[in-house]
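Each chain, written out:
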Amino acid sequence: MQGRIIKAMAGFYHVYSEKEIYLTKPRGLFRLENITPAVGDMVDFEADPLHMEGTIVSIHERENLLIRPRVSNVTMALLVFSLIDPMPDYLLLDKLICNALWQGIEPHLVFNKCDLRYGEEEVAKTIYSLTPHEKHFVSAQTGEGIEELRASLVGGIHVVAGPSGSGKSSLLNAFGMEKTLEVGEISSKLRRGKHTTRHVQLLPIGEDTFIVDTPGFTNLELDEKIDPLILRECFEEFLPFAHKCRYDNCLHGPEPQCAVKEALAQGLIRPERYENYLILLDQVKERKDYQ
Ligand SMILES: Nc1nc2c(ncn2[C@@H]2O[C@H](COP(=O)(O)OP(=O)(O)O)[C@@H](O)[C@H]2O)c(=O)[nH]1
Ligand SMILES: [Mg+2]
Ligand SMILES: [Zn+2]
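Rules and cut-offs
Residues numbered from 1 in each chain as written. Chains lettered and ligands numbered in written order. Predicted model: local features only at pLDDT ≥ 70, side-chain atom pairs only at ≥ 80, totals over all residues. Heavy atoms only, no water. Pairing = 2+ DSSP bridges. Helix = DSSP H or I, 4+ residues; strand = E, 2+ residues; numbered from the N terminus. Axes fitted to C-alpha atoms, helices over the stretch in contact; angles between N-to-C directions. Domains from an automatic or database assignment. Contact = heavy atoms within 4.5 Å. Buried area = accessible area lost by both parts, 1.4 Å probe. Salt bridge = Lys/Arg side-chain N within 4 Å of Asp/Glu carboxyl O. Nonpolar A, V, L, I, M, F, W, Y, C, P; charged D, E, K, R; others polar. Near = heavy atom within 4 Å. Polar contact = N/O pair within 3.5 Å; in protein donor to acceptor, adjacent residues only side chain to side chain. Areas by Shrake-Rupley, 256 points an atom, 1.4 Å probe, with all protein chains shown as cover. Phe/Tyr/Trp six-rings, centres within 6.5 Å; stacked < 30°, edge-to-face > 60°. Buried < 20%, exposed > 50% of the residue type's maximum accessible area, 1.4 Å probe, protein only. Lys NZ or Arg CZ within 6 Å of the ring centre and 35° of its normal.

S.K.: Which residues make up the sheet that holds strand β4 (residues 42-48), and what are the values?
M.R.: One closed barrel accounts for 5 strands, arranged β1-β2-β3-β5-β4; its pairing is mixed. Here the strands of the sheet are splayed against their neighbours by 50 degrees on average, with no regard to which way each runs. In the sheet, strand β2 (residues 12-17) pairs with strand β3 (residues 20-26) via 5 bridges, with the strands oriented antiparallel. Counterpart to Val-15 in the pairing with β3 is Tyr-22.

S.K.: Residues and numbers for the sheet that holds strand β13 (residues 209-212), please.
M.R.: What the 6 strands build is an open sheet, ordered β10-β9-β8-β11-β13-β12; its pairing is mixed. The open sheet has two edge strands, β10 (134-137) and β12 (202-206), and neither has a second partner. Here the average twist between neighbouring strands, direction ignored, is 25 degrees.

S.K.: Could you give an account of the domain arrangement of the chain, with specific residues and numbers?
M.R.: Domain boundaries in the chain define domain 1 (2-60), domain 2 (66-184 + 194-212) and domain 3 (228-286). Its C-alpha centre places domain 2 at a distance of 27 Å from the equivalent point of domain 3. The partner domain 3 presents 16 residues to the 16 residues of domain 2 that form the contact. Regarding the contact of domain 2 and domain 3, the summed buried area is about 1300 Å², with carbon and sulfur atoms giving 72% of it. When the buried surface of domain 2 facing domain 3 is broken down by residue, Leu-91, Ile-127 and Leu-130 rank first, second and third, together holding 36% of it. In this assembly, domain 2 and domain 3 are joined by 1 salt bridge. The shortest N-O distance in the salt bridge between Arg-273 and Asp-94 comes to 2.8 Å. Elements with a contribution of two residues or more to the side of domain 2 that touches domain 3: α2 (90-102) and α3 (120-127). Sort the elements by how many residues they give to the side of domain 2 that touches domain 3 and α2 lands first, with 8 residues. A per-class count over the side of domain 2 that touches domain 3 returns 10 nonpolar, 4 polar and 2 charged.

S.K.: So, the side chain of His-158: which residues are in play, and what are the values?
M.R.: Tracing the backbone shows His-158 in strand β11 (residues 156-161). With residues up to four places along the chain from it excluded, the contact list for His-158 reads Thr-75, Met-76, Leu-153, Thr-209, Phe-210, Ile-211 and Val-212.

S.K.: Which residues make up the pairing of β4, and what are the values?
M.R.: When strand β1 (residues 2-9) meets β4, the two strands line up antiparallel, connected through 3 bridges. The partner of Gln-2 across the bridge, within β4, is Asp-44. Hairpin connection from β4 to strand β5 (residues 53-59): 4 residues lie between these consecutive antiparallel strands, with Met-52 at a positive phi of about 55 degrees.

S.K.: Requested: an account of the site of ligand 1, with residues and values cited.
M.R.: Neighbouring residues of ligand 1: 15 residues in total, closest Asp-115, Gly-165, Lys-168, Ser-169 and Ser-170. Contacts to ligand 1 include Gly-165, whose backbone N or O atom sits 2.7 Å from an oxygen atom. Calculation on ligand 1 without its partners gives an accessible area of 580 Å², and the protein chains cover 70% of this total. Take the shell around ligand 1: its biggest share by element is 3 residues, from helix α5 (residues 168-174).

S.K.: Let's hear about the packing of aromatic side chains: which residues, and what values?
M.R.: This model, assessed by the stated rule, comprises 10 aromatic pairs. Ring centres of Tyr-16 and Phe-210 lie 5.7 Å apart, and the angle between their planes is 85 degrees; this geometry places the pair in the edge-to-face category. A residue pair is termed long-range when its members are at least 10 positions apart, and Tyr-16 in strand β2 and Phe-210 in strand β13 qualify at 194 residues. In this pair, the class of Tyr-16 matches that of Phe-210, namely buried. Here Phe-238 and Tyr-277 contribute two aromatic rings whose centre-to-centre distance is 5.3 Å and whose plane-to-plane angle is 75 degrees, an arrangement assigned as edge-to-face. With Phe-238 in the loop between α7 (228-234) and α8 (239-242) and Tyr-277 in helix α10 (residues 271-286), the pair connects residues that are 39 residues apart, well separated along the chain. Ring pairs connect the aromatic residues Tyr-90, Phe-111, Tyr-128 and Phe-137, which therefore count as one cluster. When the ring centre of Phe-12 is taken as reference, the NZ or CZ atom of Lys-25 above it lies at 4.7 Å. Over the ring of Tyr-247 we find Arg-246; its NZ or CZ atom is 5.2 Å from the centre of that ring.

Here it is as structure tokens:
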């Protein structure tokens, strides 16, 4: 059978397959080969349907692997920022967009606490008006925009990320998922470990659609592997212009005849995004292994 690892606990893996959860162990060979299954892995397993148990026999190739929390095959990151209390830190948002793109994860911008309406909504809309990323303005408190946001999560594994206090937990609750997976009825072996440490798990919210129950991207710095050439690709609204720069390796800084700066001058790129790009460019240039 085929399924998705939705939880890892004490050497056991909970595999979700056709709306059932199996308690599985990896086959012995994995340990010899130094393979550790991850939450998010798509696996083939031999099932014992009577006891809802099984043995994982192979792991499908991963699209990506987040480190903290350790989750594979993440498709979308909901970058949650509140419009007030705390005010949005757009430099941090731009960093998280880069980190997501670098890992092959699609960033979606979620601006929360819309119910408080303090004008920041217009600021956020303006700054990101020219970026290709999906944007949502929601209130986890009143439920405004929540249905649309949830409906946009079709297929894949989605993680929420963002600064403390922005409403990530509230958002997960607004999705109605506080206690989605009390899987105790499935096997007594599960129950024993239940009240120990918190383990990351995937909450099924639709057809092969899951949400990670703890925030991702807990490191709020730019990924250390992002160099200037990668950074340049992560500001996606620059890309239609970048190939017209005079120099192929143009980083859109001091270089002459830079089409990105021309686009900026014509209002085709937002100055806030360009300024943050320059700040991040300086940061990655300073890293010692570049040059
Ligand atoms: N007014 C308002 N408050 C909210 C909203 N979402 C979250 N909060 C409040 O903001 C605070 C932080 O929310 P929380 O979900 O714990 O943020 P987290 O740190 O990102 O998980 C809590 O006091 C929430 O009640 C919202 O949409 N509107
Ligand atoms: Mg929280
Ligand atoms: Zn340029």
